[in-house]
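If you want the building blocks of each chain, they are given just below.
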Amino acid sequence: MTRRYSRLFVALLLPLALTAAFLSAATIRAGSPDICATCTYSTIQEALDDDATIGTTLVLGAETFLENVEITRPIILVGAGPGLTIIDGQMIGPVITINGGVTVSLSGVTLQNGDASSVDGGGVLNQGGIVSLSNSVVANNMAPNGAGIANDAAGQMTSDHVIVRDDVADELIDDISVCSDCAGGGILNFGVMTITNSTVHGNSALVGGGIENGSLATLIATNIEVYGNTAVNNTGNPDDGTGGGIENIGTFTLTNSIV
């Protein structure tokens, strides 16, 4: 996924439709955890790889999981709260990657320290899934595009009560930036995305410091705050340095919000 629109894969954008079970996931309260240091599953990936958990709800313990998690099956993951359940990508890849058209709900977590230097989406990389993210924090991640969250052209995503902060769209080689067109410091959307009751702040990119809504994308935002983000042109490319808060070249509806 890049901002070079001539190379965009043209996909049919489907209406945003989550099943009732996944829409109600945010109301689930964490009970006895399924995944923790002393639980049935000690890692998130171990639980997701077990056929017995497909389509179920898994409760994460109040601890830090040092993992880069790949999700390829329907699942509901419920953390103890963003200050308690932390998934740390250790700066070695996206924190969460959703592959294929699976339905995923994730709530009550902090997703931090992802570094998707060879792909996109340092915190969350949604590659065609139907994803709900709620009551969570996405922070301190890096990727060439969509450092916090990247939703690709086939992706459908909702974010409610989510803080996306301090993410950097950049690509480093030997600590030297090689970015020529890095977009979406906080969020990069090429698919269908709805954001409600959320905050995007302290993120940076060459284009779309807070949010980049790309060509053919649909973004609906209600009751959000976008502030303190940065888009800086340090490449000489006239297309860079635009959209400090939001850059939109798709379809974008903004209601009852502050930018």
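Residues numbered from 1 in each chain as written. Predicted model: local features only at pLDDT ≥ 70, side-chain atom pairs only at ≥ 80, totals over all residues. Heavy atoms only, no water.

Caption draft 1: Inspection of the overall build of the chain at higher detail. Counting its secondary structure elements, the chain contains 2 helices and 26 strands. Out of the 259 residues belonging to the chain, those deemed buried represent 51%. Sequence-distant contacts in the chain: of pairs separated by 6 or more residues, those separated by 24 or more amount to 74%. Counting only carbon and sulfur atoms, one obtains 53% of the accessible surface of the chain, whose full area is about 10500 Å². (Helix = DSSP H or I, 4+ residues; strand = E, 2+ residues; numbered from the N terminus. Buried < 20%, exposed > 50% of the residue type's maximum accessible area, 1.4 Å probe, protein only. Contact = heavy atoms within 4.5 Å. Areas by Shrake-Rupley, 256 points an atom, 1.4 Å probe, with all protein chains shown as cover.)

Caption draft 2: Geometry of the environment of I35. Mapped onto the fold, I35 is located in the loop between α1 (20-23) and α2 (44-48). Along the backbone, I35 and G79 are 44 residues apart, and their C-alpha atoms lie at a distance of 9.7 Å. Apart from the residues within four sequence positions on either side, I35 is in contact with Y41, S42, T43, I44, A47, L58, V59, L60, G61 and F65.

Caption draft 3: Local environment of empty space enclosed by the protein. Counted by the stated rule, this structure contains 1 cavity of 30 Å³ or more. Its boundaries defined by the atoms lining it, the largest cavity holds a volume of some 40 Å³. Here the lining of the largest cavity gets 3 residues from one element, more than from any other, and that element is strand β10 (residues 130-139). Here the lining of the largest cavity is composed, by residue class, of 8 nonpolar, 1 polar and no charged. (1 Å grid on protein atoms, 1.4 Å probe; cavity = no way out; pocket = protein on both sides within 12 Å on 5 of 7 lines; lining within 4 Å. Points joined across faces, edges and corners; volume = space filled by probe spheres on them. Nonpolar A, V, L, I, M, F, W, Y, C, P; charged D, E, K, R; others polar.)

Caption draft 4: Summary view of the pattern of salt bridges. All chains considered together, the criterion is met by 2 salt bridges. Residues D51 and R73 are paired through a salt bridge, measuring 2.7 Å at the closest nitrogen-oxygen approach. Within this pair, whereas D51 is found in the loop between α2 and β1 (57-59), its partner R73 is found in the loop between β3 (69-71) and β4 (75-78), the two being separated by 22 residues in sequence. D51 sits in the exposed class, given a relative accessible area of 55%. Take R73: its relative accessible area is 24%, and that puts it in the partly exposed class. Here R165 and D166 are joined by a salt bridge, their closest N and O atoms 3.1 Å apart. Judged by its relative accessible area of 28%, R165 is partly exposed. Owing to a relative accessible area of 33%, D166 belongs among the partly exposed residues under this scheme. (Salt bridge = Lys/Arg side-chain N within 4 Å of Asp/Glu carboxyl O.)

Caption draft 5: Structural detail: the sheet that holds strand β25 (residues 246-248). In spatial order, the strands read β3-β6-β9-β12-β17-β21-β25; together these 7 strands make up an open sheet with parallel pairing. Edge positions in the sheet fall to β3 and β25, since each of these pairs with one other strand and no more. Here the strands of the sheet are splayed against their neighbours by 5° on average, with no regard to which way each runs. Across 4 bridges, the pairing between strand β6 (residues 96-99) and strand β9 (residues 124-127) is parallel. The partner of T97 across the bridge, within β9, is L125. (Pairing = 2+ DSSP bridges. Axes fitted to C-alpha atoms, helices over the stretch in contact; angles between N-to-C directions.)

Caption draft 6: Seen up close, the nonpolar core. In terms of nonpolar packing, the biggest core is built from 39 residues, with I44, I71, L77, I96, L111, I149 and I211 touching the most fellow members. The residues touching L111, leaving out its near neighbours within four places in the chain, are I87, V95, I96, L106, G123, V124, V137, V138, A139 and N141. With 11 residues, the next largest nonpolar core counts C182, A183, L188 and L206 among its residues. (Core = buried A, V, L, I, M, F, W, Y, C linked by side-chain atoms within 4.5 Å.)

Just geometry here; none of it tells us what the structure is for.
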